[in-house]
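Structural overview
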Amino acid sequence: MSQYDDDFWSDGSEESTGEAELGGGGFETIPKNTKCKAHIEEIEWGFYDPEDENIPYVKARWNIELPSDYENRKIFHDIKLYGENPKGKNYDASKQEKKIENARTMFWAIDRNCGGKLASLKRKPKNEELQRYLIGKPMYITLDVWEAGDKSGNWIRKVEPLSSSAAQSKPA
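Quick look at the structure, then. Since we're looking at a predicted model, the values are computed, not measured.

**Quick notes on the sheet that holds strand β1 (residues 35-47)**
Adjacent strands of a sheet form backbone hydrogen bonds with each other and so pair up, either parallel or antiparallel. The strand order β3-β2-β1-β4-β5 describes an open sheet built from 5 strands, whose pairing is antiparallel. The open sheet terminates on both sides in strands that have one partner only, identified here as β3 (74-79) and β5 (151-160). Ignoring strand direction, the axes of neighbouring strands in this sheet form an average angle of 35°. Of the strand pairs in this sheet, β1 and strand β4 (residues 139-148) are connected by 4 bridges, and their pairing is antiparallel. Across the sheet, the residue bridging to Lys-35 is Thr-142, located in β4.

Right under this line is the structure:
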């Protein structure tokens with residue numbers, strides 16, 4: 001029996017009111033044009049409708065390394081290689097060709113910055129290959145800000161290899 005198995009329910013389960021608040025979240029949006037050193041820490045194929053696996057896209061979670069003000073912050077990145085969700089409320093068929101081109105340019109740049117192993121496959125990569133070849137490889141990302149109603153967050157506007165610049169910067 002490990003220390004984690006021993007007395008799991010002691011020290012509090014009887015006194016619990018059934019409510020718990022752990023905090024977290026509530027991070028301020030990182031300013032537009034902030035350049036960060038970051039790496040992908042999770043990546044896999046996702047689907048707009050997981051029930052029938054209709055249109056795939058790449059779901060990535062980035063971890064910021066530098067600047068230290070944002071260290072360990074997470075940026076969620078959907079790379080929509082086959083376009084937007086056609087059932088989404090902001091879907092515009094006339095913009096899909098450009099969105100696909102932009103998503104593929106971003107994906108190819110990420111792969112190139114990680115060694116170009118996915119491109120050498122000459123086929124759609126499997127989850128295991130996305131993870132093997134893209135996780136943990138640092139590069140620079142430049143962030144932008146999205147806003148929707150009273151919510152805001154960051155999106156990745158640009159990626160570039162570490163060799164492209166010597167310093168991380170905050171927005172001007």
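**Overview of the pairing of β4**
Consecutive side chains along a regular strand alternate between the two faces of the sheet. Pairing analysis gives 9 bridges linking β4 to β5, with the strands arranged antiparallel. When the bridges of β5 are listed, Ile-141 appears paired with Val-159.

**So, helix α2 (residues 127-134)**
Among the residues of α2, those classed as buried are Glu-129, Leu-130, Tyr-133 and Leu-134. For α2, the arc enclosing every buried residue in end-on projection is 105°, short of the 170-degree limit, so these residues lie on one face. The inward-facing, buried residues of α2 abut β1 and α1 (96-113). Just downstream of α2 lies Gly-136, where phi reads positive at about 85°.

**Remarks on the nonpolar core**
The nonpolar side chains of soluble globular proteins are, as a tendency, buried together. Within the largest apolar cluster, 28 residues are counted, with the highest numbers of intra-cluster contacts made by Trp-62, Ile-110 and Leu-134. Within the residue set of this core, elements represented by two or more residues are β1, β2 (56-66), β3, α1, α2, β4 and β5. Once you skip the residues sitting within four places of it in the chain, Leu-134 turns out to touch Ile-40, Ile-43, Phe-107, Ile-110, Asp-111, Cys-114, Leu-118 and Glu-129.

**Quick word on unusual backbone geometry**
Between Leu-66 and Pro-67 the backbone carries a cis peptide bond, its omega angle lying at 0°. You can see Pro-67 is positioned in the loop between β2 and β3. Despite not being glycine, Asn-33 shows a phi value in the positive range, around 70°. Within the secondary structure layout, Asn-33 lies in the segment before β1. Of note in this structure, Asn-72 is not a glycine but carries a positive phi near 70°. For Asn-72, the location among the structural elements is in the loop between β2 and β3.

Thresholds applied
Counting restarts for each chain, with residues numbered from 1 along the sequence as it is written. The predicted nature of this model means local features are confined to residues of pLDDT at least 70 and side-chain atom pairs, given and counted, to a pLDDT of 80 or more, with totals for whole chains, interfaces and linings taken over all residues. Heavy atoms from the whole structure form the basis of all side-chain values; hydrogens and water molecules are not counted. Any two strands are treated as partners once DSSP identifies two or more bridges connecting them. We count a stretch as a helix when DSSP gives it H or I for four or more residues in a row; a strand needs E for two or more, and each element gets its number in order from the N terminus. The convention used is that axes are lines fitted to C-alpha atoms, helices contributing only their stretch in contact, and that angles between N-to-C directions extend from 0 to 180 degrees. For the exposure calls, accessible area comes from a 1.4 Å probe over protein chains only, and a residue counts as buried if that area is under 20% of its type's maximum, exposed if over 50%, partly exposed in between. Comment: arc refers to directions from the helix axis out to C-beta atoms. The contact criterion used is simple: two residues touch if any of their non-hydrogen atoms lie within 4.5 Å. Side-chain atoms within 4.5 Å link the members of a nonpolar core, which is a set of buried Ala, Val, Leu, Ile, Met, Phe, Trp, Tyr and Cys residues.

Coordinates in, geometry out; function isn't part of it.
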